[in-house]
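Summary of structural features
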Amino acid sequence: MEKKSYIVSYDLADGGDYEKLFEKLKSYSGWAHITESTWAVLTTKEASEIRDEIEKILVEGSRLIVVESANVAAWRNPICSNKWLKDNV
């Protein structure tokens, strides 16, 4: 099964556990921390599966969106390397 690239963006509500969230995001076969609240992940899973896995560790009131990348993107000054984004998003 081929890996797909997803953009994951979130807003954690008060009491949210960033370390637990980051641990989960880093568990995917590839990942990059793009901005403070946005990551890219590589996986064979579907967007709804990623959402369901992450949702389990979010506190009430947190927000989350998972979008499959269409492999067309533009950015400025990401936290991660430009090369990773060029190669994977």
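If you're wondering where the values come from, they're calculated on a predicted model, not measured in any experiment.

Within the secondary structure layout, Lys 20 lies in helix 1 (residues 18–25). Lys 20 sits 37 residues away from Ile 57 along the chain, and the two C-alpha atoms are 7.2 Å apart.

This next bit is on the nonpolar core. If you look at the biggest cluster of nonpolar residues, it comprises 14 residues, and the most contacted ones within it are Val 8, Tyr 10, Leu 21, Leu 25, Val 41, Ile 50 and Ile 54. Where this core is concerned, the elements lending two or more residues are strand 1 (4–11), helix 1, strand 3 (38–43) and helix 2 (47–55). Formed by 8 residues, the second largest nonpolar core is a distinct cluster that contains Ile 34, Ala 40, Trp 84 and Leu 85.

Working definition: an aromatic ring pair is given by the centre-to-centre distance plus the angle between the planes. Overall, the coordinates contain 3 aromatic pairs when judged by the stated rule. Where Phe 22 meets Trp 39, the ring centres are 5.3 Å apart and the plane angle is 40°; that geometry is what we call tilted. Placement of the pair is Phe 22 in helix 1 and Trp 39 in strand 3, with a sequence separation of 17 residues. For Trp 39, a relative accessible area of 1% puts it in the buried group. With 5.5 Å between their ring centres and 40° between their planes, Trp 31 and Trp 39 make a pair best called tilted. The structure contains a cluster of three or more aromatic residues connected by ring pairs, namely Tyr 18, Phe 22, Trp 31 and Trp 39.

Its location among the elements puts Tyr 6 in strand 1. For the pair Tyr 6 and Ile 79, spaced 73 residues apart in sequence, the C-alpha separation works out to 17 Å. A polar atom in the side chain of Tyr 6 sits 3.4 Å from the side chain of Lys 4.

Each value, and the rule that gives it
Residues numbered from 1 in each chain as written. Predicted model: local features only at pLDDT ≥ 70, side-chain atom pairs only at ≥ 80, totals over all residues. Heavy atoms only, no water. Helix = DSSP H or I, 4+ residues; strand = E, 2+ residues; numbered from the N terminus. Core = buried A, V, L, I, M, F, W, Y, C linked by side-chain atoms within 4.5 Å. Buried < 20%, exposed > 50% of the residue type's maximum accessible area, 1.4 Å probe, protein only. Phe/Tyr/Trp six-rings, centres within 6.5 Å; stacked < 30°, edge-to-face > 60°. Polar contact = N/O pair within 3.5 Å; in protein donor to acceptor, adjacent residues only side chain to side chain.

Geometric values such as these leave the question of function open.
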